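Secondary and tertiary structure notes
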Amino acid sequence: MKNILYIGNNLKNSKSNISGIQILGPLLESEGYHVQYASSKTNKALRLFDMIKSCLSFFKKVDVVIIDTYSTQNFYYAFIISQLCRILDLKYFTILHGGNLPSRLQSNPKMSGMIFKNAKCNVSPSNYLKISFNNYGLHNMVYIPNTLEIKNYNLFQKTYEVPKLLWVRSFSEIYNPKLAVNVFKSLRKTYPNAQLCMVGPDSDGSLKEIKALAQQLNVDVKFTGKLSKKEWINLSKDYNVFINTTNFDNSPVSVVEAMALGLPVVSTNVGGMPYLIETGRDGILVKKDHVDEMVNAIVEILKNNIKREEIIKNARIKAETFDWAKIKLKWLDILN
């Protein structure tokens, strides 16, 4: 299968982070695949129209359709496009991105069945979703982790006298950015020179609320807005702990990238995170929305040099298993 139509949120505006389509698509092109994309339209109705139009325009020219599938409103894009593929007799794969997709299986069982049972296979970036779907009776599953090119991620020596926290995500309620600010406020009681930098676009209006919270708590948070991958990787040199505060998650690329960069990760223990991080070995997992637990984990990283170095070493080793040179073999297998 050399000709691919890739359906996903190929958005390139100030409100969107780099998405799966923008990472995987070019990597498949580098392996000799010809990839058409839909859609980069910002307006949701126009985006859906562009996706449908692309299917109708290219269905005689492509061998397979890849559909990025999320648990939020974009779930309905996947439903419509998958059913159009069935009408057009086009093979399609789904890639499961939403950490809350298991709830979709429960709340939309008929639509979920029509999407996932008829896919050539469903690609899960985490064993968490693979097991959840298996338990629901869906067995056309393939585990292929999210990927990165490890050569782009260098380790830098850091100091740990004070916490310098880095948060990278879009500002959205499901990612619970409030927790980051509340943790920072608590840390400042012991470490008045602590820092927090929050990187990402405003997805649902949460950024205004988070800035107001920081002002209310009288803490100076650095907000960078959306950065390119190269820009935030360069910025990461100035920070020493990566925090992931989300309420729902799958297997976020930003966390794998932090592990590759030698940033010890403290994350909420939700969704696919315990499948990605073995707590105490290559990161630390804490209860969802629990300020004190996250603060204590950060302090332990700063104070326990031996444990911190073990976490950094083990996390880097794990991140190397996500390198495209290894992951591409799984993609080549299912595409060929």
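For the structure itself, consult the block above.
Our subject in this report is the structure included herewith. (Residues numbered from 1 in each chain as written. Predicted model: local features only at pLDDT ≥ 70, side-chain atom pairs only at ≥ 80, totals over all residues. Heavy atoms only, no water.)

With that out of the way, let us pick up the nonpolar core. In this structure, Leu196, Met198, Ile243, Val266 and Ile298 are the most contacted members of the largest nonpolar core, which totals 36 residues. The set of elements that each furnish at least two residues to this core consists of strand E7 (164-168), helix H7 (177-190), strand E8 (195-199), helix H8 (206-216), strand E10 (241-244), strand E12 (284-286), helix H12 (291-303) and helix H13 (305-320). Sort the elements by how many residues they give to this core and H12 lands first, with seven residues. Sequence-distant contacts of Met198, that is, excluding residues within four places in its chain, are made with Trp167, Phe171, Pro177, Ala180, Val181, Ile210, Val221, Lys222, Phe223 and Thr224. (Core = buried A, V, L, I, M, F, W, Y, C linked by side-chain atoms within 4.5 Å. Buried < 20%, exposed > 50% of the residue type's maximum accessible area, 1.4 Å probe, protein only. Helix = DSSP H or I, 4+ residues; strand = E, 2+ residues; numbered from the N terminus. Contact = heavy atoms within 4.5 Å.)

Under the definition given, this model contains 11 salt bridges. Taking the shortest distance from any N to any O, the salt bridge between Arg281 and Glu278 comes out at 3.9 Å. For Glu278, a relative accessible area of 46% puts it in the partly exposed group. (Salt bridge = Lys/Arg side-chain N within 4 Å of Asp/Glu carboxyl O.)

Side-chain alternation along strand E5 (residues 121-124) places Cys121 and Val123 on one buried face and Asn122 and Ser124 on a second face that is also buried. Relative to E5, strand E4 (residues 92-96) runs parallel, the two being bridged by three bridges. Paired with Phe93 across the two strands is Cys121, which belongs to E5. Across three bridges, the pairing between E5 and strand E6 (residues 141-143) is parallel. Opposite Asn122, over in E6, you have Met141 as the bridge partner. For the crossover from E5 across helix H6 (residues 127-135) to E6, the handedness is right-handed. (Pairing = 2+ DSSP bridges. Right-handed = clockwise from strand over helix to strand, strands pointing away.)

The next subject is the packing of helix H1 (residues 20-30) against helix H14 (residues 324-335). Closest axis-to-axis distance for the H1/H14 pair is 11 Å, and the angle between their directions is 80 degrees. Between H1 and H14, the interaxial angle falls into the category roughly perpendicular. When H1 is examined against H14, the residues Leu24, Leu27, Leu28 and Ser30 are found in contact with a partner set consisting of Trp324, Trp331 and Leu335. Grouping the constituent residues of the contact of H1 with H14 by class yields six nonpolar, one polar and no charged. (Axes fitted to C-alpha atoms, helices over the stretch in contact; angles between N-to-C directions. Parallel < 35°, antiparallel > 145°, perpendicular 65-115°, else oblique. Nonpolar A, V, L, I, M, F, W, Y, C, P; charged D, E, K, R; others polar.)

What follows concerns the side chain of Thr268. Within the secondary structure, Thr268 sits in strand E11 (residues 265-268). Polar contacts involving the side chain of Thr268 include one to the main-chain carbonyl oxygen of Thr246, which spans 2.6 Å. The residues contacting Thr268, other than those within four sequence positions of it, are Leu179, Asn244, Thr245, Thr246, Met273, Leu285, Val286, Lys287, Lys288, Asp289 and Met294. (Polar contact = N/O pair within 3.5 Å; in protein donor to acceptor, adjacent residues only side chain to side chain.)

With that settled, the discussion passes to the sheet that holds E7. By definition, the strands of a sheet pair up through backbone hydrogen bonds, in either a parallel or an antiparallel sense. Overall, parallel pairing links the six strands, which are arranged E9-E8-E7-E10-E11-E12 in an open sheet. The outermost strands of the open sheet, each flanked by one partner alone, are strand E9 (222-225) and E12. The average angle at which neighbouring strand axes cross in this sheet is 20 degrees, direction not considered. Across three bridges, the pairing between E8 and E9 is parallel.

So far we have only geometry, and geometry alone does not tell us how the molecule works.
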